Amino acid sequence: MKKFFLFRKTGRKADKPKLLLIFGLISGMVLSFCACGENDYEKVRLNEVTHSVFYAPQYVALNLGFFEEEGLEIELTTGQGADKVMTSVLSDQADIGFAGPEAAIYVYNEGSEDFAKVFAQLTKRDGSFLVGREPEDDFKWENLKDSVVIGGRKGGVPYMTLEYVLKKNGLNPEKDLVVDTNVQFALMAGAFTGGQGDYVTLFEPTASMLEKEERGYVLASIGRESGEIPYTAYFAKKSYIEENKDLIQKFTNAVYKGQQWVQNHTPEEIAEAIMPSFPDADEDILIKVAQRYKENDAWSSDPVMKKEAFDLLQEVMKEAGELTKEVPFEDIVDTEFAQNAIDAE
């Protein structure tokens, strides 16, 4: 299990916000140990789609002890793809999955009896950025014509959202350019720096790390162009939710605390809080990335998924030719736990 209370020494003089944050960390730990003994923690196996600053509210909840305050011990693994996350949930290798809700839509339409239900949302926009080989100060989407873009797995939300944005900007993904869907999600940055493609879509902090190394340049935010969409959410099998309602509520409460903390703190404070989750990233990069996501309004302020945003997701899926039958919102989304978390504040 990963440890979430380690801080890296930066060699910088401690300033007031950092001292306050460290005090908050210590306070959270004390509260956690006072609330319950180590043996009283309920273990939750959480499989996340990828490890990205895009999911800062989750890492804040982990590192500041919000899950511990709820009596939960999180065992975090990374699936590297929504399909792999869903497989781990359906095969009982994980209790809760964290990925794009499109995975739940696919499973529901396959006719599974014990399908996955979404119970909390974390992000509300695409968190990826278009990265090019050269700076383009006057970037326009039409610049992608006749180019090759490494765009992620076909059928995944990153790919479908990119396709939606391309069409929105007058480009036909089938005729005007090539969107390469053959590169595995975890290998996209390596493929690009190895010479494949003209552009690539990457999450943070990878995009900013390439930019710092002058091996790529962030040109545009996919999420800013696409509009609000339920991009990443938490889900579990219907049977697991029914049998563990109290645990799901505690989990959602912790997520909501993380969301509220991020809303009310600066990029510098967010970077300091999530640094234990990104030990190889420079603090300056984490601050820059947190600022980008705040400016793009990427993080949901609460875990309630909105029906209109879910409808847009299905529209994006239909546009991409990946959805022929829409799923009723109420069938695979349960907002009760999220609403309870808000009401209990």
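Structural data are supplied above this passage.
What counts and how
- Each chain has its residues counted from 1, running along the sequence as written.
- Residues qualify for local features only when their pLDDT is at least 70, as the model is predicted, and side-chain atom pairs are given and counted only at 80 or more; totals for whole chains, interfaces and linings, by contrast, use all residues.
- Note that water and hydrogens are dropped before the side-chain values are worked out from all heavy atoms of the structure.
- Residues are called lining when one of their atoms sits within 4 Å of a cavity or pocket point, these points coming from a 1 Å grid over the protein atoms alone, where a cavity is a set in which a 1.4 Å probe fits but cannot get out and a pocket is an open set with protein on both sides within 12 Å along at least five of seven lines.
- Grid points are joined across faces, edges and corners, and a volume is the space filled by probe spheres set on the points.
- The residue classification treats Ala, Val, Leu, Ile, Met, Phe, Trp, Tyr, Cys and Pro as nonpolar and Asp, Glu, Lys and Arg as charged. All others, Gly included, are polar.
- Only protein chains enter the accessibility calculation, which uses a 1.4 Å probe; a residue whose area is less than 20% of its type maximum is buried, one above 50% is exposed, and one in between is partly exposed.
- A run of H or I in DSSP counts as a helix once it spans at least four residues, and a run of E counts as a strand once it spans at least two, with each numbered from the N terminus.
- We treat two strands as partners when DSSP finds at least two bridges between them.
- Simply put, an axis is a line fit to the C-alpha atoms, just over the touching stretch for a helix, and the angle between two N-to-C directions goes from 0 to 180 degrees.
- With respect to orientation, any angle under 35 degrees is reported as roughly parallel, any angle over 145 as roughly antiparallel, any angle of 65 to 115 as roughly perpendicular, and every other angle as oblique.
- Two helices crossing with the near one rotated counterclockwise from the far one by less than a right angle form a left-handed crossing, whereas a clockwise rotation gives a right-handed crossing.
- Contact between two residues is taken to exist if any of their heavy atoms lie within 4.5 Å; hydrogens are not considered.
- Residues belong to one nonpolar core when they are buried, are Ala, Val, Leu, Ile, Met, Phe, Trp, Tyr or Cys, and are joined through side-chain atoms within 4.5 Å.
- Each pair of aromatic rings taken from Phe, Tyr and Trp, with Trp reduced to its six-membered ring, is defined by centres within 6.5 Å and is described as stacked if the planes are under 30 degrees apart, edge-to-face if over 60, and tilted in the remaining cases.
- For a Lys NZ or an Arg CZ to count as sitting over a ring, it must be within 6 Å of the ring centre and within 35 degrees of the ring normal.

Q: So what exactly am I meant to see when it comes to empty space enclosed by the protein here?
A: The method is simple in principle: a probe with the dimensions of a water molecule rolls over the atoms, and the space it marks as empty is what remains. Per the counting criterion, the structure on display carries one cavity of 30 Å³ or more. Considering only enclosed or pocket space, the largest cavity measures out at about 180 Å³ in volume. As for the largest cavity, its lining consists of 17 residues, of which Val 49, Gly 81, Ala 82, Pro 158 and Phe 185 are closest to the centre. Broken down by class, the residue content of the lining of the largest cavity amounts to nine nonpolar, six polar and two charged.

Q: Whenever I open this one, the pairing of strand β3 (residues 96-99) confuses me. Can you help?
A: The two faces of β3 match: Ile 96 and Phe 98 on one face and Gly 97 and Ala 99 on the other face are all buried. Summarising the sheet, strand β1 (residues 42-48) and β3 pair through three bridges and their orientation is parallel. Across the sheet, Leu 46 pairs through a bridge with Ile 96, a residue of β3. Direction of pairing for β3 relative to strand β10 (residues 232-237): antiparallel, over a ladder of three bridges. Across the sheet, residue Ala 99 finds its bridge partner in β10, namely Ala 233.

Q: It is not clear to me how the sheet that holds strand β6 (residues 148-150) should be interpreted in this structure. Could you clarify?
A: Paired through their backbone hydrogen bonds, the strands of a sheet run either parallel or antiparallel. The strand order β7-β6-β8-β5-β9 describes an open sheet built from five strands, whose pairing is mixed. Every interior strand has two partners, whereas the edge strands, β7 (178-180) and β9 (217-221), have only one. Averaged over neighbouring strand pairs, the angle between their axes works out to 30° when direction is ignored.

Q: What exactly am I supposed to notice about the packing of helix α4 (residues 82-90) against helix α5 (residues 102-109) here?
A: Each pair of packed helices can be described by the angle between their axes along with the distance between the axes. Relative orientation of the contacting elements α4 and α5 amounts to 55°, with a least axis distance of 9 Å. Considering their axes alone, α4 and α5 lie oblique with respect to each other. You can see that α4 and α5 cross each other, and the crossing is right-handed. Residues Ala 82, Met 86 and Leu 90 of α4 form the contact with α5, whose participating residues are Glu 102, Ala 103, Ala 104 and Val 107. Residues that form the contact of α4 with α5 fall into these classes: six nonpolar, no polar and one charged.

Q: I tried to follow the nonpolar core on my own but got confused; where do I start?
A: In a soluble, globular protein the nonpolar side chains are often hidden away together inside. Ile 96, Phe 119, Trp 141, Leu 144, Tyr 234 and Phe 251 are the most contacted members of the largest nonpolar core, which totals 110 residues. Top element by residues in this core is helix α11 (residues 245-263). It accounts for seven residues. In contact with Trp 141, other than residues within four places in its own chain, are Leu 130, Leu 162, Val 165, Leu 166, Asn 169, Leu 171, Ala 220, Ile 222 and Glu 225.

Q: Looking at this model, I keep getting lost on the packing of aromatic side chains. Mind explaining?
A: A ring pair, where both rings are aromatic, is described by two values, the distance of the centres and the angle of the planes. Taken as a whole and assessed by the stated rule, the structure comprises 18 aromatic pairs. Taking the centre distance of 6.0 Å and the plane angle of 75° together, the rings of Phe 119 and Phe 251 count as edge-to-face. Placement of the pair is Phe 119 in strand β4 (residues 116-123) and Phe 251 in helix α11, with a sequence separation of 132 residues. Its guanidinium or amino end placed over the ring of Phe 192, Arg 133 lies 4.0 Å from that ring's centre, counting from NZ or CZ. The lysine or arginine in question, Arg 292, covers the ring of Phe 129, its NZ or CZ lying 5.6 Å from the ring centre.

Q: Looking at this structure, I do not really get the environment of Glu 68. What am I missing?
A: With respect to the helices and strands, the residue Glu 68 is situated in helix α3 (residues 66-69). What makes Glu 68 buried here is its relative accessible area of 14%. Taking the C-alpha atoms as reference points, Glu 68 and Glu 42, 26 residues apart in sequence, are found 9.3 Å from one another.

Q: Can you walk me through the sheet that holds strand β2 (residues 72-78) in this structure?
A: Overall, mixed pairing links the five strands, which are arranged β2-β1-β3-β10-β4 in an open sheet. At either margin of the open sheet sits one strand with a lone partner, and together these are β2 and β4. The average undirected angle you get between the axes of adjacent strands in this sheet is 25°. Bridge count for β4 against β10 is six bridges, and the pairing is antiparallel. Bridging from a neighbouring strand, Gln 121 pairs with Ala 233 of β10. Of the strands in this sheet, β1, β2, β3, β4 and β10 touch α11, which is tilted by about 15° from β4.

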